[in-house]
Amino acid sequence: MLTYHRDLTVNWGESDPFGLVYFPRMLAWFNDTEHELFAKLGYPVNRMVEQDRTAFVMGRIDFKFVGPAAYGEQIQTTISASDITRSTIVWQCKALNLTTGVLVTEGLATRVYAKILEDGNLKAIEISEEIRSLLSKTSE
């Protein structure tokens, strides 16, 4: 199973004064982690969108908040490909507060591989062999 880690710092405004991370920020952390992974694998998101006219779009999200992360604290996000189907990837996601050792969030994110149509709409398509090959790696 492909697993990728990314370290980040909690920015001002990503959580409230009690360290409760705003849900859209958690999603952005994992979205950025996935984009960084594809870039490191040699298939950056801008190539998908601009050249190949494809994208991985969010299909389903199921995250739970577990513990706090306050401004300036160090976080490690981890995504692991737990299931790859014809047109989806299911990422197991977790964020660990490296400053305190507390788990911040965990859950699943299902991404759908889609063709960007001429009219701007999306259509789910089969994940290419090139991407499947990249995702078959077992570690960073």
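Calculation rules
- Residues numbered from 1 in each chain as written.
- Predicted model: local features only at pLDDT ≥ 70, side-chain atom pairs only at ≥ 80, totals over all residues.
- Heavy atoms only, no water.
- Helix = DSSP H or I, 4+ residues; strand = E, 2+ residues; numbered from the N terminus.
- Expected span 1.5 Å × (residues − 1).
- Buried < 20%, exposed > 50% of the residue type's maximum accessible area, 1.4 Å probe, protein only.
- Salt bridge = Lys/Arg side-chain N within 4 Å of Asp/Glu carboxyl O.
- pLDDT = per-residue confidence, 0-100.
- Lys, Arg positive; Asp, Glu negative; His and termini not counted.
- Polar contact = N/O pair within 3.5 Å; in protein donor to acceptor, adjacent residues only side chain to side chain.
- Contact = heavy atoms within 4.5 Å.
- Phe/Tyr/Trp six-rings, centres within 6.5 Å; stacked < 30°, edge-to-face > 60°.

**Q** Would you mind showing me how to read helix α1 (residues 23-40) here?
**A** Working note: α-helix, 3.6 residues per turn, so residues spaced by three or four point in the same direction. For α1, with 18 residues, the first-to-last C-alpha span of 26 Å sits near the 26 Å given by 1.5 Å per residue. Of all the residues in α1, the buried ones are Met-26, Ala-28, Trp-29, Phe-30, Thr-33, Glu-34, Leu-37 and Phe-38. Where α1 ends, the next residue or the one after it, Gly-42, has phi of about 90°, a positive value.

**Q** When you look at the pattern of salt bridges in this model, what are you seeing that I'm missing?
**A** Opposite charge on two side chains permits them to pair, given that their charged atoms come into close proximity. For the structure on display, the rule yields six salt bridges. Among the salt bridges present, the one from Arg-6 reaches Glu-36, with a minimum N-O distance of 3.4 Å. Residue Arg-6 is located in strand β1 (residues 3-9), and its partner Glu-36 is located in helix α1; the two are separated by 30 residues in the primary sequence. Its relative accessible area of 29% is what places Glu-36 among the partly exposed residues. A single salt-bridge network, built from bridges that share partners, covers Arg-47, Asp-52 and Glu-130.

**Q** Can you help me understand unusual backbone geometry in this one?
**A** Most of the time, phi is negative for any residue but glycine, and the peptide bond is trans. The phi dihedral of Arg-53 falls on the positive side, at around 55°, and the residue is not glycine. Note that Arg-53 resides in the loop between α2 (45-52) and β2 (54-65). Using a relative accessible area of 34% as the deciding quantity, one classes Arg-53 as partly exposed.

**Q** How should the confidence of the model for the protein be read in this particular structure?
**A** Atomic detail in the predicted coordinates should be set aside for any region of low pLDDT. On average, residues of the protein score 94 in pLDDT, and 98% of them reach the 70 mark or higher. Element-level mean pLDDT values for the protein span from 92 in helix α3 (residues 129-135) up to 98 in strand β4 (residues 88-97).

**Q** How should I be thinking about the side chain of Glu-73 in this particular structure?
**A** Tracing the backbone shows Glu-73 in the loop between β2 and β3 (74-84). Within the buried set, Glu-73 has no salt-bridge partner at all; the shortest N-O distance to an opposite charge, 14 Å, is to Arg-25. Reaching out from Glu-73, the side chain makes a polar contact with the side chain of Asn-97 at a distance of 2.8 Å. Look past the residues within four positions of Glu-73 in its chain and what remains in contact with it is Leu-8, Thr-9, Val-10, Pro-68, Asn-97, Thr-99 and Thr-100.

**Q** Honestly, the packing of aromatic side chains in this entry has me stumped. Any pointers?
**A** How two aromatic rings sit relative to each other is given by the distance of their centres and the angle of their planes. One pass over the full model with this rule turns up five aromatic pairs. Seen in terms of ring centroids, Trp-12 and Tyr-71 are 5.3 Å apart; in terms of plane orientation they differ by 90°. Their pairing is edge-to-face. Residue Trp-12 is found in the loop between β1 and α1, and its partner Tyr-71 is found in the loop between β2 and β3; the two are separated by 59 residues along the sequence. Both rings, one in Phe-38 and one in Phe-56, keep their centres 5.4 Å apart while their planes meet at 20°; by these two values the pair is stacked. Of this pair, Phe-38 sits in helix α1 while Phe-56 sits in strand β2, and the two are 18 residues apart along the sequence. The exposure class assigned to Phe-38 is buried, which follows from its relative accessible area of 1%. Through successive ring pairs, a cluster of aromatic residues spans Phe-23, Phe-30 and Phe-63.

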